[in-house]
Structure formats: structure tokens, C-alpha cells
Amino acid sequence: SLRSQGEQEFPAIVRRVEDDPAFDYEVICGARRHWSVSYLRNVEHRDIRYLVEERELTDEQAFRLADVENRSRKDISDYERALDYRHAVETFYGGVAQRMAERLEVSKTWLSRFLDLAKLPTDVVEAFGDIRAVRENHAREIKPLLADSSARSKVMAEAKRLAAQQSVAAAAGEALLEPSKVVAALKAAAANPKAQASPVKGAAVISSESGAALFTLARRGAKTLVLELALDADASNADFTSAFQRELQLLRPKA
């Protein structure tokens, strides 16, 4: 039996599987050919041989070999590729993009664009309606918006609105909003943030993981803090609770 991963010209590259009793080999390159041969054998009962070349490969070597083949494939989206690269850089290269770029023989700039794409918040990705529509150039345009603390919460709120709009359109069988228009809407949200009251001087602004400002903490004496909630924050009560517990642990670690 064979387990699929990757794709290549005939013959396929496989490696023996030692830790999974359900499979004998893993296909590193040649998965689509394996699927085609399996289909013709099982459905059309045609006697077609599947030529393979067995190699001894580490996980990192298997990843690099599959990546060379996958880069030319049109059925893998930028976002899917980006998620694979994010997993690989942490798993095989100690989180060092430069080391990974050297092993893949690509520029660090090229690789960083995909790693930035993988870092986009889920709400932003869903704003495009289809992961195949999200490209690495979109991440380049959106990254500065999310880095701006004064605009991030507004961008995230707009992303959620767009995601809901795209979901409704998809359910109705209607065309999704074009990626360029999604990016334009996020930029517009960042450029026109709603006015917010300035926090008390010296107060720390505590935000949710998505960037929404939840409350401020201001010292009043050595043993007292004043907390002001942003009741109109684009966040759930669970976000408030999680953030408060996190800050309380920092303020009273031995309590």
C-alpha cells in the first residue's frame, strides 16, 4: 500500500514507511500519477504498472524534494504553499528563514513573502472567500495595515464583515468579491478609523489577539490599578476574560 505526498515525473520517488502499519511506502514525488494508476486499476481494471524509485530520505530531504516538484503545480494555492513553508521552517530549520532559503535554493525575500502570507489572521484570509484567491502579493499590502496598532482593530472588523459577505454570496451561488476589492476595502478601513477617546496618560492599552483594544490599565498609587473597559470593542466577552486573566497573572504572579 502507498501513502501520497508530493508529485513528480515518472518514475515516482518513494520511501519506505516504518512507523505506520497501514502503509508500506510513502510517495514523495508522483502522487497524481499514483492516483491515476490506482483509478485505472480499480475502476477500469486495466493492468497498468506504477514504476517507483525507492530512496532513503529524512523528513527534511523529502520536503525539499517534494517542494521542487510542487512549485510548478498550478493546483496548489499560494496560501496552501505558505502554510507548508511555515510548518517546515519551524520543524526542519529551527525557525530560521535564512537557513531554509539556502536549503531550498531560493532568496530569503521570496521565502519571507510566503511566510508573511501564512501569518495572516484567519479572519483576513476568510475575507477573500476562497483560499485560492489569496496571493503572496496581497499579504505584502495587508501586512503594514496589521502592523499599525491604531488601524489593526478596524482592519480586523472589516475583514470579519467581508468574510460574512463572502459566505453569503458563496451560499447563494453568487460571484465572490474580487481580491483587489477586498484589499482596497481593508485599506479604506485602515485609513478611516473611527475616533476613539485617548487613554489616560501613562495607561497601558490591552488588546485581544486580533488587535482589538479591550481596556486600559492605569496606576493609581503603588497597590492600585484603574481599569477602563472599551465596551464597543470588536471582541467577545471571552476575549475580555482571557486578556484580563493574562494581565492579572502578570500583576499578581504569586497570588
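None of the values given here were measured: they were computed from a predicted structure.

Enquirer: Got a minute to help me understand the overall build of the chain in this structure?
Expert: What the chain contains, in helices and strands, is ten helices and seven strands. Expected size for 255 residues packed as a compact globule is a radius of gyration near 18 Å; at 24 Å, the chain overshoots this value by more than 25%. Dimensions along the principal axes, computed over C-alpha positions, put the chain at roughly 80 × 50 × 35 Å. Sorting the 255 residues of the chain into buried and exposed places 36% on the buried side. Contacts spanning at least 24 positions in sequence make up 52% of the contacts within the chain whose residues lie at least 6 apart. Of the side-chain charges in the chain, 38 are positive and 39 negative, and the distance between the mean point of each set is 7 Å.

Enquirer: What exactly am I supposed to notice about the confidence of the model for the chain here?
Expert: Low pLDDT means the predicted coordinates in that region are not meant to be read closely. With 91% of its residues at a pLDDT of at least 70, the chain reaches an overall mean of 84. Taken as a whole, residues 4-9 scores under 50 in pLDDT and shows 34 contacts with residues more than four places along the chain or in a different chain. Low confidence marks residues 193-198, where pLDDT is under 50. Its contacts with residues over four positions away, or in another chain, come to four contacts.

Enquirer: What is the right way to read the packing of helix H4 (residues 97-104) against helix H5 (residues 108-118) from this model?
Expert: Describing two packed helices takes the angle between their axes plus the distance from one axis to the other. Interaxial distance between H4 and H5 falls to 9 Å at its minimum, and their mutual angle equals 115 degrees. Considering how the two elements wind past one another, H4 and H5 form a crossing that is right-handed. The residues of H5 that touch H4, namely those facing Ala-97, Gln-98, Met-100 and Ala-101, are Lys-108, Leu-111 and Leu-115. In the contact of H4 with H5, the residues fall into five nonpolar, one polar and one charged.

Enquirer: I tried to follow the sheet that holds strand S5 (residues 204-207) on my own but got confused; where do I start?
Expert: Across the sheet, which stays open at both edges, the three strands sit in the order S5-S6-S7 with antiparallel pairing between neighbours. Of all the strands in the sheet, just S5 and strand S7 (225-229) have a single pairing partner and so form its edges. Looking at each pair of strands side by side, their axes are set apart by 25 degrees on average, direction ignored. Bridge count for strand S6 (residues 213-219) against S7 is five bridges, and the pairing is antiparallel. Bridging from a neighbouring strand, Leu-217 pairs with Leu-227 of S7.

Enquirer: Honestly, the packing of aromatic side chains in this entry has me stumped. Any pointers?
Expert: Remark: the centre distance and the inter-plane angle together describe each pair of aromatic rings, the angle taken between the planes. All told, the structure shown has six aromatic pairs when counted by the stated rule. Geometrically, the ring pair formed by Phe-63 and Tyr-85 is edge-to-face, given 6.3 Å between the ring centres and 85 degrees between the ring planes. You can see Phe-63 sitting in helix H2 (residues 59-70) and its partner Tyr-85 sitting in helix H3 (residues 78-92), a full 22 residues away along the chain. The burial state of Phe-63 is the same as that of Tyr-85; both residues are buried. Relative to Phe-114, the ring of Tyr-85 has its centre 5.8 Å away and its plane inclined at 85 degrees; by these criteria the two rings are edge-to-face. Here Tyr-85 is found in helix H3, whereas its partner Phe-114 is found in helix H5, with 29 residues between them in sequence. As far as burial versus exposure is concerned, Tyr-85 and Phe-114 are alike and both buried. In textbook terms, an aromatic cluster arises when at least three aromatic residues are bridged by ring pairs, as seen for Phe-63, Tyr-85, Phe-92, Tyr-93, Trp-110 and Phe-114.

Enquirer: Honestly, helix H7 (residues 136-147) in this entry has me stumped. Any pointers?
Expert: The α-helix winds at 3.6 residues per turn, so residues separated by three or four positions along the chain end up facing the same way. Over its twelve residues, H7 runs 17 Å from end to end, which matches the ideal 16 Å to within 8%, given 1.5 Å per residue. Taken residue by residue, H7 has Glu-136, His-138, Ala-139, Ile-142, Leu-145 and Leu-146 as its buried positions. What you see down the axis of H7 is that its buried residues fit within an arc of 150 degrees, all on one side. Looking at the buried side of H7, the elements it contacts are H3, H5, helix H6 (122-126), helix H8 (152-171) and helix H9 (179-191).

Definitions and cut-offs
- Residues numbered from 1 in each chain as written.
- Predicted model: local features only at pLDDT ≥ 70, side-chain atom pairs only at ≥ 80, totals over all residues.
- Heavy atoms only, no water.
- Helix = DSSP H or I, 4+ residues; strand = E, 2+ residues; numbered from the N terminus.
- Rg over C-alpha atoms; globule rule 2.2 N^0.38 Å.
- Buried < 20%, exposed > 50% of the residue type's maximum accessible area, 1.4 Å probe, protein only.
- Contact = heavy atoms within 4.5 Å.
- Lys, Arg positive; Asp, Glu negative; His and termini not counted.
- Charge placed at Lys NZ, Arg CZ, Asp CG, Glu CD.
- pLDDT = per-residue confidence, 0-100.
- Axes fitted to C-alpha atoms, helices over the stretch in contact; angles between N-to-C directions.
- Left-handed = near helix turned anticlockwise from the far one by under 90°.
- Nonpolar A, V, L, I, M, F, W, Y, C, P; charged D, E, K, R; others polar.
- Pairing = 2+ DSSP bridges.
- Phe/Tyr/Trp six-rings, centres within 6.5 Å; stacked < 30°, edge-to-face > 60°.
- Expected span 1.5 Å × (residues − 1).
- Arc of directions from axis to C-beta.

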